[in-house]
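Observations on chain architecture
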Amino acid sequence: MASEQRYFNRDWQRTVYCGDVAGRDGTEVPVVVNGWVRRRRDLGGLIFIDLWDHTGIVQVVFNPELAGQVHERAKELRSEFVIAVRGRIRVRPEGTSNDSMRTGNWEIMADDFIRLAPAAPLPFEVGDTTDRVDENLRLHYRYLDLRRERMQRNLRLRHKISMHTRNYLSDRGFLEVETPMLTLSTPEGARDYLSPSRVNPGAFYALPQSPQIFKQILMISGFDRYFQIVKCFRDEDLRADRQPEFTQIDIEMSYLVEQDIFDLIEGYLHGLFRETVGTEIPVPFRRMTYREAMDRFGSDKPDLRIPTEIHDLAPVFVNTEFEPFKEMLAGGGFIRGLPLPGGASLSRKGLSDVEERAKRLGARALSPLQMKGGELKGPLAKFIDEEGRSLLARSGAIGDGDALFVIAGMDWREVSEILGALRLELAREHGLVAKGAWEFLWVTDFPLFEWDAEEGRWSSVHHPFTSPMTEDIALLDSNPGEARSRAYDCVLNGNELGGGSIRIHDPEMQEKVFSCMAFSKEAARGRFGFLLDALSMGTPPHGGIALGLDRLAMLLAGASSIRDVMAFPKTQKAQCLMSGAPSAVSPEQLEELHIQVLPPLPTAGEPKGREERPKT
RNA sequence: GGGGUCGUAGCUCAGUCGGUUAGAGUGCCGGCCUGUCACGCCGGAGGUCGCGAGUUCGAGUCUCGUCGGCCCCGCCA
């Protein structure tokens, strides 16, 4: 053992990264490497260490004959110890090179090393790339999880996306401007995260659901083109692709029409996919109206990798004697069907399983048809006459070997959505989703409003600053539900990658839209007064889009959750298992903020790892 | 708020019909080993079967509740 402790200093700083170690034939190159002990192989005499840093792994050899004391000390090295090694790179002896390692032709003969930090026995193996680890553990020991290959790769990919984004947009005249995180709560949209104001008793900031109003204000201020890679916050329940805080690539520009956004984003994504995954995605993307997307795929974000779509079967049953369908059609209802290629082989149990699923999704009933050897089978078969059969054959809704699931209902959207959900489930189960495909799509012509039954008023489908289509402006007075907006969504493989709209730049139009939503002038003034003021002082036509950076990264990384492309995500209960957030705070903190906390309900569980809440 | 699923050694899992002392692989600890690279060989330690009730002579196993992870519906302009 060295008699005195040695510390990290310039002499021990690396001269080369582990993954970059490469020697010269016949010459020994002196180096210093820093990193983590990934694996050790103690052969009794020789000790081999795989030393890791973010660039890769290199083999270090401790030889008792070359450095006896050093070899002796190396026996104590364990997994994930942090060390600095001084040694010489050399070509590995004949027959001992390792083709599976980038540095496998070389090794470092250790002359000396210092242990920079020990590591406690680990809750899971950092170096194990195959074994899956419980996500609980991964989140609790996130620093170890992030040290693993997959997360290293994902976060580096994410960085690449960010850099590409900044370069692309900056090159096209977009200016990155930061907007406040402590801002005004707005009534529309998701639930806000609130932050109490100490100096304004009883008042609260809201964390932004998006910088929507601020980016519009920036257009009014004449910046012409804005972007921001920005955190947004929504206090809603979590999903694989939804976290309470997430990142948007937020874009806004002036004097534009929809085509400008499409061109900009298609160019952006084309370059991004080339740079990150080496794929040339075809541009321009397909376009589809909301109506068509719902009609054919039962979704406003259809996954076009799935080769089946919904068919209108009303003509097939126009002469049917089947009473329920007869009545349905007479009353203006809909009969629609979803084909399942290869579905003729489904057993009776398989069919009833699909029916069960449709009922869980909200269908009153679902009838299966199957085509076996040119013969139509199923409970509905006898209710389809010759004409219906020939129509069915010509429609392509069912071919030999297929099944067709039929649902009838009075509500076109409801019937379509159930079939759309079924389409996703069945496609996943039967392997109908085309692998390796990137199916991009613009969905346009969304309705401007949807009816909010709870509140008994119209509310925005997109947001209240979305411009109606010029040809639909008259509908605002006569039939707001039929008015279409100038909103658009960018869809990739059934994921909503982003959305945006052309905004309202006319203060009168903005007030009109508010009034359609039964916002009194005073209420609108109270909430959005500053925007209305701004609109009144010279607003250019403007619009923009926001892309979900997390979802984009998830898709590019081939991950199944945005948690895998975020450094520190939260669980479904919106907790951080590593830090323990959210937590109770001290009575003093609450008092300063003029906050009283109600005692927890008797059934409510305590947040994990927290002591009792302070008394109020 | 609701539906589904999982919870057994540090980790990944097995555990039959409810029945003796709860197993395997890996990791960990100790010993041996000078060309390994998932090193090898030998030995050892390690368990609140998530938690709490209930049924039973007997519960990892059955029932109910509860806590937590994940997936989904609602919700998410």
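Calculation criteria
Residues numbered from 1 in each chain as written. Chains lettered and ligands numbered in written order. Predicted model: local features only at pLDDT ≥ 70, side-chain atom pairs only at ≥ 80, totals over all residues. Heavy atoms only, no water. Helix = DSSP H or I, 4+ residues; strand = E, 2+ residues; numbered from the N terminus. Buried < 20%, exposed > 50% of the residue type's maximum accessible area, 1.4 Å probe, protein only. Areas by Shrake-Rupley, 256 points an atom, 1.4 Å probe, with all protein chains shown as cover. Lys, Arg positive; Asp, Glu negative; His and termini not counted. Charge placed at Lys NZ, Arg CZ, Asp CG, Glu CD. Phe/Tyr/Trp six-rings, centres within 6.5 Å; stacked < 30°, edge-to-face > 60°. Lys NZ or Arg CZ within 6 Å of the ring centre and 35° of its normal. Pairing = 2+ DSSP bridges. Contact = heavy atoms within 4.5 Å. Axes fitted to C-alpha atoms, helices over the stretch in contact; angles between N-to-C directions. Near = heavy atom within 4 Å. Polar contact = N/O pair within 3.5 Å; in protein donor to acceptor, adjacent residues only side chain to side chain. Core = buried A, V, L, I, M, F, W, Y, C linked by side-chain atoms within 4.5 Å. Disulfide = S-S within 2.5 Å. Salt bridge = Lys/Arg side-chain N within 4 Å of Asp/Glu carboxyl O.

Here we take up the overall build of chain A. When helices and strands are counted, chain A shows 16 helices and 22 strands. Structurally, chain A occupies a C-alpha span of about 95 × 75 × 55 Å along its principal axes. Considering chain A as a whole, with its 616 residues, one finds that 47% of them fall into the buried category. Of the roughly 31,100 Å² that chain A leaves accessible, carbon and sulfur atoms contribute 50%. A distance of 5 Å separates the average location of the 77 positive side-chain charges in chain A from that of its 91 negative side-chain charges.

Enumeration according to the criterion identifies 20 aromatic pairs in this entry. Ring geometry for tyrosine 290 against phenylalanine 446: centres 5.5 Å apart, planes inclined by 40°, an arrangement best described as tilted. Residue tyrosine 290 is located in helix H7 (residues 290-297), and its partner phenylalanine 446 is located in the loop between strand E17 (440-444) and strand E18 (449-452); the two are separated by 156 residues in the primary sequence. Look at tyrosine 290 and you get buried, because its relative accessible area is 12%. Here the aromatic residues Phe262, Phe273, Phe285, Trp438, Phe440, Trp442 and Tyr488 are joined through ring pairs into a cluster of three or more. Above the plane of the ring of tryptophan 52 lies arginine 38, whose end atom (NZ or CZ) is 4.5 Å from the centre. The positively charged end of arginine 172 is found above the aromatic ring belonging to tyrosine 168, 3.7 Å away from the centroid.

This brings us to the sheet that holds strand E15 (residues 375-377). Pairing within the open sheet is antiparallel, and its five strands lie in the order E12-E13-E16-E14-E15. A strand with exactly one partner marks an edge of an open sheet, and here the two such strands are strand E12 (311-312) and E15. Of the strands in this sheet, strand E13 (334-340) and strand E16 (403-409) touch helix H8 (residues 323-330), which is tilted by about 55° from E16.

As a further point, take the protein's contact with RNA strand B. Lining the immediate surroundings of RNA strand B are 49 residues, of which Glu65, Thr96, Glu107, Ser460 and His462 lie closest. Each atom of RNA strand B within 4 Å of the protein was assigned to sugar, phosphate or base; sugar and phosphate come to 51%. Here a sugar or linking oxygen of RNA strand B sits 3.0 Å away from a polar atom, N or O, in the main chain of proline 123. Serine 460 has a polar backbone atom sitting 2.4 Å from a sugar or linking oxygen of RNA strand B. Those elements that provide at least two residues to the surface near RNA strand B are strand E1 (29-42) and helix H2 (135-140).

In this section: the side chain of histidine 463. Examined against the element boundaries, histidine 463 turns out to sit in the loop between strand E19 (457-460) and helix H12 (475-478). For histidine 463, a relative accessible area of 13% corresponds to the buried category. Discounting chain neighbours no more than four positions away, the residues touching histidine 463 are Gln212, Ser501 and Arg503.

Right, let's talk about the sheet that holds strand E2 (residues 47-53) for a bit. Pairing is mixed in the closed barrel, where five strands are placed in the order E1-E2-E3-E5-E4. The average angle at which neighbouring strand axes cross in this sheet is 55°, direction not considered. Judged from the six bridges that link them, E1 and E2 form a sheet pairing that is antiparallel. Residue pairing across strands places aspartate 42 opposite isoleucine 47, the latter belonging to E2.

Take the pairing of E16 next. Residues in a regular strand project their side chains so that they alternate between the two faces of the sheet. Summarising burial for E16: seven of the seven residues are buried, a large majority. Taking every second residue as pointing to the same face, both faces of E16 are buried, with Ala403, Phe405, Ile407 and Gly409 on one and Leu404, Val406 and Ala408 on the other.

Of all 10 residues in strand E10 (residues 245-254), nine are buried, a share of seventy percent or more. Relative to E10, strand E9 (residues 225-233) runs antiparallel, the two being bridged by nine bridges. Within E10, the position partnered with lysine 231 by the bridge is threonine 247.

Considering soluble globular proteins, one finds that nonpolar side chains tend to be buried as a cluster. In terms of nonpolar packing, the biggest core is built from 40 residues, with Ile161, Ile251, Ile265, Tyr268, Leu269 and Leu552 touching the most fellow members. Aside from chain neighbours lying at most four places away, what touches isoleucine 251 is Leu169, Phe174, Lys215, Tyr226, Phe227, Leu264, Ile265, Gly544 and Ile545. Core analysis: the next-biggest nonpolar cluster, separate from the first, contains 25 residues, Ile49, Val58, Phe62 and Trp106 among them.

Bringing the state of the cysteines into the picture now. A full pass over the atoms with the stated rule returns zero disulfides. In this model cysteine 232 remains outside any disulfide bridge; the closest cysteine sulfur is found in cysteine 490, 17 Å from its own. Residue cysteine 232 is classed as buried on the basis of its relative accessible area, which comes to 0%.

Here leucine 269 is to be found in helix H6 (residues 258-277). Counting along the chain gives 104 residues from leucine 269 to threonine 165, while the straight-line C-alpha distance between them is 9.2 Å. Once residues within four sequence positions are removed from consideration, leucine 269 is found in contact with Ile281, Phe285, Phe440, Cys490, Leu497 and Leu552.

The next subject is the environment of leucine 547. Within the fold, leucine 547 resides in strand E22 (residues 542-548). In the structure, leucine 547 is positioned 32 residues away from serine 515 in sequence and 30 Å away in space, judged by C-alpha atoms. Here leucine 547 is in contact with Thr247, Gln248, Ile249, Ile265, Tyr268, Leu497 and Gly498, once residues within four sequence places are set aside.

What follows concerns the pattern of salt bridges. For the coordinates displayed, the defined rule picks out 44 salt bridges. Among the ionic pairs, arginine 486 bridges to glutamate 258, the shortest N-O distance being 2.9 Å. Here glutamate 258 lies in helix H6 and arginine 486 lies in the loop between H12 and strand E20 (487-492), a separation of 228 residues in the sequence. The class for glutamate 258 is partly exposed, based on a relative accessible area of 22%. Beyond isolated ion pairs, a larger network of salt bridges with shared partners links Arg138, Arg142, Asp145, Arg148, Arg150 and Asp564.

Let us look at the side chain of aspartate 564. Inspection of the secondary structure puts aspartate 564 in the loop between helix H15 (549-557) and helix H16 (587-592). For aspartate 564, a relative accessible area of 7% gives the class buried. In this view, aspartate 564 contacts Arg138, Arg150, Met151, Asn154 and Ala559; residues no more than four positions away in its chain are not counted.

This next bit is on unusual backbone geometry. A cis geometry characterises the amide bond from valine 283 onward to proline 284, with omega recorded as -5°. Tracing the backbone shows proline 284 in the loop between H6 and strand E11 (286-289). A cis amide bond, omega 0°, links alanine 581 with the succeeding residue proline 582. Within the secondary structure, proline 582 sits in the loop between H15 and H16. Positioned with a positive phi, glutamate 80 is a non-glycine residue whose angle comes to about 70°.

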